[in-house]
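Listed below, chain by chain, are the residues.
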Amino acid sequence: MCGRYVNVASTGDLTEEFDVEEVVGDAPGPSWNVAPTDPVRVIVERPPREPEQPAAVVRQIRTVRWGLVPNWSKDAKGGARMINARIETVTSKPAFKTAAARRRCLVPALGYYEWQKTDDGKVPYFLHEPDGHLLAMAGLYELWRDPARDNDDPDRWLWTCTIITQQATDLLGRIHDRNPVVVPPELRAQWLDCSSDDAATAERILEQIPEARLDPYVVSSAVGNVRNNGPELIEPAPAAAEQPPLQL
């Protein structure tokens, strides 16, 4: 699974990396320890907000909450359990299939954390692109209408997201059996384009995405506490720094 990640990119950096045309919502600020239910930045394509504008979609950065709440949910309490969607069922499971057809997004990250189970306990790793480029994790987003809020309440719509994961292979599977699906630059536009309104399109794109090649290294156990948040969390642990990193 993907339960913690890092996103410290500025709005300007995200705008340049993903060719964004519009920024919606306040930036949550840099985080070296993004956790479930935190506000996060996502990249989406949406119709223009002004009705008199042409119908062409606009690529946006939006701030949403991590943990998807399906639009048919009675309340928003279950979002924390839906931080991830499995690639094997994302186009068929009721909680995700509509979003897979209509509301796909990219979740930017410098990298993510995973914990390897060992005889001595769980060991945290930080996984990232070898060249330091941003990851674009495949995600879905949803809009949930809060029935307790008035129609003119600007907070009546809750925007949430989930990250798609897949079975980990090779060395990555030695750390954890799941990893986020990372969309390469050449497939990002296709992933964001939901004009077909068809979950089969999402399935076809997911089949084309190659396995991510990431560099992992051991980091401090301090990352396990969500209250810890700073650049020191992604520093190699002292013992790990003495050994060459695994190459995935």
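In the block above lies the structure referred to throughout.
This write-up is about the structure you can find in this document. (Residues numbered from 1 in each chain as written. Predicted model: local features only at pLDDT ≥ 70, side-chain atom pairs only at ≥ 80, totals over all residues. Heavy atoms only, no water.)

The next subject is the nonpolar core. Judged by nonpolar contacts, the single largest core of 28 residues is most densely connected at Tyr5, Val40, Val42 and Trp66. Going through the elements one at a time, β4 (39-46), β5 (58-66), β7 (104-109), β9 (121-128), β10 (135-145) and β11 (157-167) are the ones with two or more residues in this core. With four residues, the single largest contributor to this core is β10. In terms of nonpolar packing, the next biggest core, distinct from the first, is built from 27 residues, Ile61, Phe96, Ile164 and Ile205 among them. (Core = buried A, V, L, I, M, F, W, Y, C linked by side-chain atoms within 4.5 Å. Buried < 20%, exposed > 50% of the residue type's maximum accessible area, 1.4 Å probe, protein only. Helix = DSSP H or I, 4+ residues; strand = E, 2+ residues; numbered from the N terminus.)

Time to look at unusual backbone geometry. At Asp19, a position not held by glycine, the phi torsion is positive, near 55 degrees. With respect to the secondary-structure elements, Asp19 resides in the loop between α1 (11-18) and β2 (22-24). Exposure remark for Asp19: the relative accessible area of 56% places this residue in the exposed category. The backbone of Thr37 shows a phi angle near 75 degrees, a positive value even though the residue is not glycine. Summarising the element assignment, Thr37 is placed in the loop between β3 (31-34) and β4. Accessibility expressed as a relative area gives 38% for Thr37, which makes it partly exposed.

All right, on to the side chain of His128 then. By secondary structure assignment, the location of His128 is in strand β9. Those residues within four positions of His128 in sequence are excluded, and the remaining contacts are Leu110, Gly111, Leu214, Asp215 and Tyr217. (Contact = heavy atoms within 4.5 Å.)

Here the focus is the pairing of strand β1 (residues 4-7). Burial of the side chains of β1 extends over both faces: Arg4 and Val6 are buried on one face and Tyr5 and Asn7 on the other. Pairing geometry for β1 and strand β8 (residues 111-118), over three bridges, is antiparallel. Its bridge partner lying in β8, Arg4 is registered against Tyr113. With two bridges connecting them, β1 and β3 associate as antiparallel partners. In the sheet register, Tyr5 faces β3, and the bridge partner there is Val34. (Pairing = 2+ DSSP bridges.)

Looking now at the environment of Ser31. With respect to the helices, strands and loops of the structure, Ser31 is situated in strand β3. Separated by 107 residues in the primary sequence, Ser31 and Ala138 place their C-alpha atoms 19 Å from one another. Beyond its immediate stretch of four places on either side in the chain, Ser31 contacts Tyr5, Val6, Asn7, Val8 and Asn229. For Ser31, the side chain forms a polar contact with the main-chain nitrogen of Asn33, separated by 3.2 Å. Here Asn229 takes part through its side chain, which lies 2.9 Å from a polar atom of the side chain of Ser31. (Polar contact = N/O pair within 3.5 Å; in protein donor to acceptor, adjacent residues only side chain to side chain.)

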